[in-house]
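Commentary on secondary and tertiary structure
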Amino acid sequence: MLHSVLVALHVLAAIIWVGGMFFAYVMVRPAMAGLQPPEPVKMWGRIFDKFFNWVWLAIGILVLTGYGMLLGPFGGFANAPAYLHLMQLLGIVMIALFMHLYFAPWKRLKRALADVDYPTAAKQIPTIRKIVAINLTLGLITAVVGAGGRYFG
Ligand code: HEM
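Residues numbered from 1 in each chain as written. Predicted model: local features only at pLDDT ≥ 70, side-chain atom pairs only at ≥ 80, totals over all residues. Heavy atoms only, no water.

Let us look at the pattern of salt bridges. Scanning the model with the defined rule gives 2 salt bridges in all. Note that Glu-39 and Lys-42 form a salt bridge whose closest N and O atoms lie 3.7 Å from each other. Here Glu-39 and its partner Lys-42 are both found in helix H2 (residues 39-71), 3 residues apart, which amounts to about one turn of the helix. Of the charged contacts in the structure, one is a salt bridge between Lys-110 and Asp-49, with a shortest N-O distance of 3.4 Å. Remark: Asp-49 occurs in helix H2 and Lys-110 occurs in helix H3 (residues 82-114); sequence separation between them is 61 residues. On the basis of relative accessible area, Asp-49 is assigned to the partly exposed category, the value being 35%. (Salt bridge = Lys/Arg side-chain N within 4 Å of Asp/Glu carboxyl O. Helix = DSSP H or I, 4+ residues; strand = E, 2+ residues; numbered from the N terminus. Buried < 20%, exposed > 50% of the residue type's maximum accessible area, 1.4 Å probe, protein only.)

Here it is in structure tokens:
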């Protein structure tokens, strides 16, 4: 019973985080292409302001439920199958990348928007885009590892 609650919360958090990145990268980014500056960066500011709160929540849930399952039903790190070690590694890399994104380019973008300094704000977008591209790729791989791992080999 506890395992099913943990896995359900885990997978919902993964869907919100990875799905949000997919939507931002694959739908919103090209849709912004026709807008005149500084509209795109102002829009990204509003979008990220909301999305990143959800990412923090998703990270908290992923870590708590992930380690809850690993230390509980899976009987600790020593007994965990290889795909779970891989998931943990990918998860830690994704979280570290997000934290860098949040505390470096996103903080700069937010400050610049508050100062009505649109060129500085817009300069942060390519960095954020690159990190999101990497994290989206890692997130999709992590989801495949998490859901399919038990059937591999
Ligand atoms: C940060 C450390 C993480 C740990 C310790 C962890 C641990 C786990 C564990 C123990 C399972 C259950 C596997 C099973 O029942 O066979 C699982 C499943 C899963 N995890 Fe993670 N995970 C972590 C991060 C992530 C991240 C970042 C994502 C995606 C963004 C993710 C996506 C998934 C998915 C999609 C499943 C499959 C759920 C299912 O279909 O049963 N996990 N994870």
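Next up on the list: the coordination of the iron atom of the ligand. Protein coordination at the iron atom of the ligand: the donors are His-10 (NE2) and Met-87 (SD), at 2.0 Å from the metal. Given 6 donor atoms and angles of 77 to 180° at the metal, the environment of the iron atom of the ligand is assigned as octahedral. Pair noted here: His-10 is in helix H1 (residues 2-32) and Met-87 is in helix H3, with a separation of 77 residues, a long-range link. Just as His-10 is buried, Met-87 falls in that class too. (Donors = N, O, S within 2.8 Å, 3.2 Å for Na, K, Ca; no water. Tetrahedral: all angles 85-135°; square planar, octahedral: opposite > 155°, others 65-115°.)

Moving on, we come to the site of the ligand. Surveying the vicinity of the ligand reveals 22 residues, the closest of which are Val-7, His-10, Tyr-83, Met-87 and Arg-150. Tyr-83 places a side-chain nitrogen or oxygen 2.4 Å from an oxygen atom of the ligand. In this structure, Arg-150 approaches the ligand through a side-chain N or O atom, which is 2.8 Å from an oxygen atom. Those elements that place two or more of their residues in the shell around the ligand are H1, H2, H3 and helix H5 (125-148). No other element matches H1, which puts 6 residues into the shell around the ligand. Considering only residue class, the shell around the ligand consists of 14 nonpolar, 7 polar and 1 charged. (Near = heavy atom within 4 Å. Polar contact = N/O pair within 3.5 Å; in protein donor to acceptor, adjacent residues only side chain to side chain. Nonpolar A, V, L, I, M, F, W, Y, C, P; charged D, E, K, R; others polar.)

With respect to the element layout, Met-21 can be found in helix H1. Judged by its relative accessible area of 3%, Met-21 is buried.

With respect to the helices and strands, Thr-142 occurs in helix H5. Among the residues examined, Thr-142 registers a relative accessible area of 10% and is labelled buried. In this view, Thr-142 contacts Met-87, Leu-90 and Met-94; residues no more than four positions away in its chain are not counted. (Contact = heavy atoms within 4.5 Å.)

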